[in-house]
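Residue-level structural notes
One letter stands for each residue in the lines below.
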Amino acid sequence: MKMNRDIKIDIDNNIQLRTLKKNNVTEKYVAWLNDYEIMKYTEQKYFKHSFSSVCDFVEQKYDSENDLLFGIFSNYTHIGNIKLGPISWEHRSAEVSYFIGDKYYWGRGIATKCVDSIVKYGTKVLLLEKINAGYYELNIGSEKVLKKCGFCIEGVRVSDVVFEDKRFNLILVGFVPKL
Ligand SMILES: CC(C)(COP(=O)(O)OP(=O)(O)OC[C@H]1O[C@@H](n2cnc3c(N)ncnc32)[C@H](O)[C@@H]1OP(=O)(O)O)[C@@H](O)C(=O)NCCC(=O)NCCS
């Protein structure tokens, strides 16, 4: 399926999602990816990110037929990302992942609004019939976000991830739109 590349979704008066482009890459964005506190419950913590690696990533996602990478903007300031992808057009399903990079914006309901909006876009515009996500069992914030957006627990990968030298479960959740 050919996707519209340049998408803007107004979530409310302040928060907007926009397809990320190379010119959105800033040192601030690169620093979020290298910040342990932000990335500790994601696999990004195992990589050292640079301006050029992030530009390559953004460009690759922009060109991909199977991914939509959005920046989350608050009053036109980039504060985080949300990605719908990889999308399986065959199965009409996709993964969703996200982070709020600017910690000032944590706990203000923004991730919940963004996930909700991406789920609506995926199911109503792209006609996807399944959205999947996963989180470390320790990530209470993400657990709450996904639950509030209607995701249900579908599986537990027991002792699947290492966090600070201890093993933890990976929780697999999914959203199926109501007919
Ligand atoms: C997890 C994360 C996305 C939550 O984003 P957010 O915008 O702060 O989430 P919301 O404000 O929508 O919060 C939803 C709920 O979770 C709660 N919450 C958010 N962060 C929390 C935390 N660290 N600990 C406990 N509860 C938390 C909120 O209080 C809210 O609860 P409520 O509905 O009972 O009021 C954000 O902290 C983040 O980007 N973390 C780093 C990256 C990451 O972990 N990404 C997800 C990987 S699976």
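Cut-offs and rules
Residues numbered from 1 in each chain as written. Predicted model: local features only at pLDDT ≥ 70, side-chain atom pairs only at ≥ 80, totals over all residues. Core = buried A, V, L, I, M, F, W, Y, C linked by C-beta atoms within 7 Å. Buried ≥ 20, exposed ≤ 12 C-beta atoms within 10 Å, placed from the backbone. Helix = DSSP H or I, 4+ residues; strand = E, 2+ residues; numbered from the N terminus. Contact = placed C-beta atoms within 7 Å. Near = placed C-beta within 6 Å. Nonpolar A, V, L, I, M, F, W, Y, C, P; charged D, E, K, R; others polar. Pairing = 2+ DSSP bridges.

**Structural notes on the nonpolar core**
- Counting residues in hydrophobic clusters, the biggest one holds 40 residues, and the most contacted among them are I72, I82, V96, C114, V115 and L146.
- Among the elements that take part in this core, helix 4 (residues 110-125) stands out by supplying 6 residues, more than any other.
- Not counting the four nearest positions on each side in its chain, I72 is found in contact with I15, L17, I79, G80, N81, I82, I100, I110 and C114.

**Points about the site of the ligand**
- Surrounding the ligand, one finds 21 residues, the nearest of these being F99, A111, T112, G141 and K144.
- Here the element with the most residues in the shell around the ligand is helix 5 (residues 140-148); it accounts for 6 residues.
- Across the shell around the ligand, the residue classes break down as 11 nonpolar, 7 polar and 3 charged.

**Looking at unusual backbone geometry**
- The omega torsion of the bond from G85 to P86 falls at 0°, within 30 degrees of zero and hence cis.
- Locating P86 in the fold gives a position in strand 4 (residues 77-88).
- With phi around 60°, L127 is a residue other than glycine that occupies positive phi space.
- Examined against the element boundaries, L127 turns out to sit in the loop between helix 4 and strand 6 (130-136).
- Taking the number of C-beta atoms within 10 Å as the measure of exposure, L127 has 11 and is therefore exposed.
- If you check the backbone angles, S159 has positive phi at about 55° while not being a glycine.
- Here S159 lies in strand 7 (residues 152-163).

**Description of the pairing of strand 5 (residues 93-100)**
- Strand direction decides the pairing type here: strand 4 and strand 5, joined by 7 bridges, are antiparallel. Its bridge partner lying in strand 5, I87 is registered against A94.
- Pairing between strand 5 and strand 6: 3 bridges, direction parallel. Residue pairing in the sheet places E95 in a bridge with N132 of strand 6.

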